[in-house]
Amino acid sequence: MEKYNCYHSKDEVLKENVNCEAYCNNLSAEEKAMVPFLSFPIIKACNFSCIYCGRDGEATGSSTDCVSLDLLKDLVAIAQNQQIQKFRITGGEPFLHNNIADILEFFNSVGCYTLINTNGSMIMDYSYTIDRLDPRNMKFAISLDSLYEDRFNCIARPHQSESMFKKVMAGVEFLSSRGFLLRINMVVGTHNYDEVYGMIKFCQDHHCDLKLLDIVSVPVPFGERCDFFRDLTPLEKEFEKKCDRIISHAYTKSFGVPCIKYQFGATSVTVKNGSKGTHYDRDGICCDCSFFPCHEGLYDIFALSDGRICPCRWTEEQAFEKPEDQLKFLIEAFQRAKFFVGINKIGFDMKKRYDLL
């Protein structure tokens, strides 16, 4: 079984921070043929109410609250037939799913790369299940925006704030000690910009990577959270001078917002900076989208809990009734997507989805 990080085997060391248009438009034949990964927002419920997050998180567009294990198995089989080899489990908070133990054991048996996005608050409740997984292919990304408990509570707004921060930290320690912790996800804004270098040190101490994300209009309008926004461009310029080396992120050369990885010791820091532009199928599925342009574009395909397979968190309309036909259609759309710079300027405010309220 291949190790998880082989998924980044096409990444390469760069001499300097590159021009995004050249970075994304000069693709090898192998990069052009890259297949997007498939995300499963398995449940709408969450025990946090983060200040930057939309209702139901990445499960916003689903008409059902959670996915069944049987449907998951069917969709994974269909995806594997389409050469998809990486899956992502997200929510809401996936550990609130009643069958999360069975879901994790199923993905472990599949043998593909699987990344679980979680806020980390329930990791210790399922430590026995996690210990039975294969850490080479089952990895976790924990959303953590502050290393200070009072600030953590102000940002995450956990439904039960008492000791929740300590539970998250215990989850981080456990996953790190077992080799399951791939990275920390940190949404950076005015509320925690001063903590970035502290978080890098935290990740170095826990032998994991870090992903920094800015606040954008997905899946609710930017205007509702504009007071929290902080442009990450100056931070990237600092990183270019301070890091040990700069590494490409081959996947984002083809899909979504182009990212660069900055290496600080053994820790890789990926920056998702929405001001750079993103990939769209402007002559295809994006051309009729009433929410175009968005800040994320075509990054990963979503398999919703109601069985629909969607190109993003904004568009759930199906072009084909059969999921295998819909998935094939979306893979082809992703592969012909083009990078457009400047089309999604920071501060662009998408319309509100009243059908999801």
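One can find the structure itself at the top, above this paragraph.
Positions within a chain are numbered from 1, following the residues in the order the chain's sequence is written. Given that this is a predicted model, residues contribute local features only at a pLDDT of at least 70 and side-chain atom pairs are listed and counted only at 80 or more, while totals for whole chains, interfaces and linings are drawn from all residues. The side-chain quantities take in all heavy atoms of the structure and omit both hydrogens and water.

### A short note on the side chain of Arg 88
Basically, it comes down to this: Helix and strand definitions follow DSSP, with helices as H or I runs of at least four residues and strands as E runs of at least two, each counted in order from the N terminus. Pairs of N or O atoms within 3.5 Å make up the polar contacts considered here, provided that, within protein, one atom can donate a hydrogen while the other can accept it, and that residues adjacent in sequence are counted only when both atoms are side-chain atoms. By the convention used here, residues are in contact when the closest approach between their heavy atoms is within 4.5 Å.
One can find Arg 88 in strand E3 (residues 86-90). Of the polar contacts made by the side chain of Arg 88, one reaches the side chain of Asp 300; its length is 2.8 Å. Contact partners of Arg 88, with chain neighbours within four places excluded, come to Phe 37, Leu 38, Ser 39, Phe 40, Glu 58, Leu 115, Asn 117, Asp 300 and Phe 302.

### Observations regarding the pattern of salt bridges
If charged atoms from side chains of opposite charge come close, those side chains can pair. The criterion, for reference: Whenever a carboxyl oxygen of Asp or Glu lies within 4 Å of a side-chain nitrogen of Lys or Arg, that contact is scored as a salt bridge. Accessible area is worked out with a 1.4 Å probe on protein chains only. A residue is then buried under 20% of its type maximum, exposed over 50%, and partly exposed in between.
One pass over the full model with this rule turns up 16 salt bridges. Note that Lys 201 is salt-bridged to Asp 205, the shortest N-O span being 2.9 Å. With Lys 201 and Asp 205 both in helix H8 (residues 196-205) and 4 residues apart, this pair spans about one turn of that helix. A relative accessible area of 45% places Lys 201 in the partly exposed class. Ionic pairing is found between Asp 306 and Arg 308, a salt bridge with its closest N-O pair at 2.7 Å.

### Some remarks on the environment of Ile 285
By the element assignment, Ile 285 lies in the loop between strand E11 (278-280) and strand E12 (301-303). Linking Ile 285 and Phe 329, residues 44 residues apart in sequence, is a C-alpha distance of 9.7 Å. Beyond its immediate stretch of four places on either side in the chain, Ile 285 contacts Leu 298, Pro 311, Phe 329, Leu 330 and Ala 333.

### A word on the sheet that holds strand E10 (residues 267-272)
Stated formally: Two strands qualify as a pair provided DSSP detects at least 2 bridges between them. Helix axes use the C-alpha atoms of the stretch in contact, all axes being lines fitted to C-alpha atoms, and the angles between their N-to-C directions lie in the range 0 to 180 degrees.
Pairing in this open sheet of 12 strands is mixed, and the strands run E1-E8-E9-E10-E7-E6-E5-E4-E3-E2-E12-E13 from one edge to the other. Of all strands in the sheet, those with a lone pairing partner are strand E1 (13-14) and strand E13 (309-310), marking the two edges. Where helix H9 (residues 233-242) meets the sheet, its contacts fall on strand E7 (209-213), strand E8 (245-248), strand E9 (260-264) and E10, and the angle it forms with E9 comes to roughly 45°.

In short, the description is geometric, and any link to function would need to be established separately.
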